[in-house]
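# Topology and contacts: notes
What follows is the residue order along each chain.
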Amino acid sequence: MSDPTKPPGDAEPEGLQAETERLLAELEEARPPHAGPISQIGAALVALAVGVFGAVGSYALGLGRLTAPGPGLWPFAVSVVIVVLSAVLVVTGRGLQDTERFSRASLQTVVGVVTLVALAALLPVIGFEIPSLLLMFVWLRWLGKESWRSSIVISIGAVAAFYLLFVVLLQIPLPRLI
C-alpha cells in the first residue's frame, strides 16, 4: 500500500532502491564475459598499430602549416591522439575489466571494419557513390536489421544528400562517377 500522505507519483525510497538493484542485476546478467588482461592489452596494441599506421599515412599526405593546413594535418592529429591513448591503455590495461570475450556478436564489428576497408579501397577506383551506397545498405540491412525498403530508401537518400552537400554545394573534389 502506498502512503496516503504522499502525493501520487512520488516513488517510495525503498521501491526506488529495489528497482535500482533489480536493473543493475539485470544489466550484469546481460554483459558478455570478461576476456582478461591479455585481450585488453592486445586490443590496445592493435589500436596503437592503427594509430601509427594512420600517422605515417597522413604524414605522407603532407601536414602543411597551421596557417595553411595540408590534407594530412587532421588525420595526423587524430592518429597521434590514438597512439597516446593506446599507449596509456597498454600500461594501465591489465587492471581493467571492460574487454569482452570474442563472440558471434563480435562479428558485426568485423563486418563493419571490412566494409570500411572496402570503401577506402574502392573510393579512388570507382568514386564515392557506389561504395557509399553499398556501405550504407550493408550497415542498415545486416548490421542494423532494418527492412529492405528502409535500407534502400535511406541509403539512396543519404548518398544523394552527401553528393549535394559535398560535391554541389561545397565543391569538394571527391572521386566520383557522376
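The structure we're discussing is the one just above.
Residues numbered from 1 in each chain as written. Predicted model: local features only at pLDDT ≥ 70, side-chain atom pairs only at ≥ 80, totals over all residues. Heavy atoms only, no water.

### Here's the deal with the overall build of the chain
Helix and strand counts for the chain stand at six helices and zero strands. For the chain, the residues scored as buried account for 19% of the 178 residues in total. Long-range contacts, defined here as pairs at least 24 residues apart, represent 53% of the contacts in the chain between residues at least 6 apart. Summed over all atoms, the accessible surface of the chain reaches about 13000 Å², with 72% contributed by carbon and sulfur. (Helix = DSSP H or I, 4+ residues; strand = E, 2+ residues; numbered from the N terminus. Buried < 20%, exposed > 50% of the residue type's maximum accessible area, 1.4 Å probe, protein only. Contact = heavy atoms within 4.5 Å. Areas by Shrake-Rupley, 256 points an atom, 1.4 Å probe, with all protein chains shown as cover.)

### Notes on the layout of surface pockets
Where empty space is left becomes clear once a probe the size of a water molecule has been rolled over the atoms. Estimated volume of the largest pocket: approximately 440 Å³. Contributing to the lining of the largest pocket are Ala35, Ser39, Ala43, Val46, Val50, Glu100, Arg101, Phe102, Ser106, Thr109, Val110 and Val113. Here the element with the most residues in the lining of the largest pocket is helix α2 (residues 37-61); it accounts for four residues. Grouping the constituent residues of the lining of the largest pocket by class yields seven nonpolar, three polar and two charged. Of the pockets and cavities examined, the second largest pocket occupies roughly 250 Å³. (1 Å grid on protein atoms, 1.4 Å probe; cavity = no way out; pocket = protein on both sides within 12 Å on 5 of 7 lines; lining within 4 Å. Points joined across faces, edges and corners; volume = space filled by probe spheres on them. Nonpolar A, V, L, I, M, F, W, Y, C, P; charged D, E, K, R; others polar.)

### A look at the packing of aromatic side chains
Evaluation of the coordinates by the stated rule reveals six aromatic pairs. Their ring planes at 50° and their centres at 6.4 Å tell us that Tyr59 and Phe76 sit as a pair that is tilted. Of this pair, Tyr59 sits in helix α2 while Phe76 sits in helix α3 (residues 73-92), and the two are 17 residues apart along the sequence. Owing to a relative accessible area of 26%, Phe76 belongs among the partly exposed residues under this scheme. (Phe/Tyr/Trp six-rings, centres within 6.5 Å; stacked < 30°, edge-to-face > 60°.)

### Topic: helix α6 (residues 148-169)
End to end, α6 covers 30 Å across 22 residues, agreeing with the expected 32 Å (1.5 Å per residue, within 8%). All of the buried residues in α6 are Ser150, Ser151, Ser155, Ala158, Val159, Tyr163 and Val167. On its buried face, α6 sits against α5 (129-143). Just downstream of α6, Gln171 is the residue with a positive phi angle, here 55°. (Expected span 1.5 Å × (residues − 1).)

### Structural notes on the packing of α5 against α6
Packing of α5 against α6 brings their axes to within 9 Å, and their N-to-C directions diverge by 145°. Viewed along their axes, α5 and α6 form a crossing whose handedness is right-handed. Facing α5, whose interface residues are Glu129, Ser132, Leu133, Met136, Phe137, Leu140, Arg141 and Trp142, α6 presents Trp148, Ser151, Ile152, Ile154, Ser155, Ile156, Ala158, Val159 and Tyr163. Considered class by class, the residues forming the contact of α5 with α6 number twelve nonpolar, three polar and two charged. (Axes fitted to C-alpha atoms, helices over the stretch in contact; angles between N-to-C directions. Left-handed = near helix turned anticlockwise from the far one by under 90°.)

### A closer look at unusual backbone geometry
In this structure, Lys145 takes a positive phi of about 60° despite not being glycine. Structurally, Lys145 can be placed in the loop between α5 and α6. Judged by its relative accessible area of 62%, Lys145 falls in the exposed class. Backbone geometry at Gln171 places phi at a positive 55°, although glycine is not the residue there. One can find Gln171 in the segment after α6.

### Points about the pattern of salt bridges
Tallying each qualifying case throughout the model produces one salt bridge. Note that Glu19 is salt-bridged to Arg22, the shortest N-O span being 2.6 Å. Taken as a pair, Glu19 and Arg22 lie in helix α1 (residues 13-30) at a separation of three residues, close to a single helical turn. Its relative accessible area of 41% is what places Arg22 among the partly exposed residues. (Salt bridge = Lys/Arg side-chain N within 4 Å of Asp/Glu carboxyl O.)

### Structural notes on the environment of Gly51
You can see Gly51 is positioned in helix α2. When residues no more than four places from it in sequence are discounted, the contact partners of Gly51 are Ser79, Ile82 and Val83.

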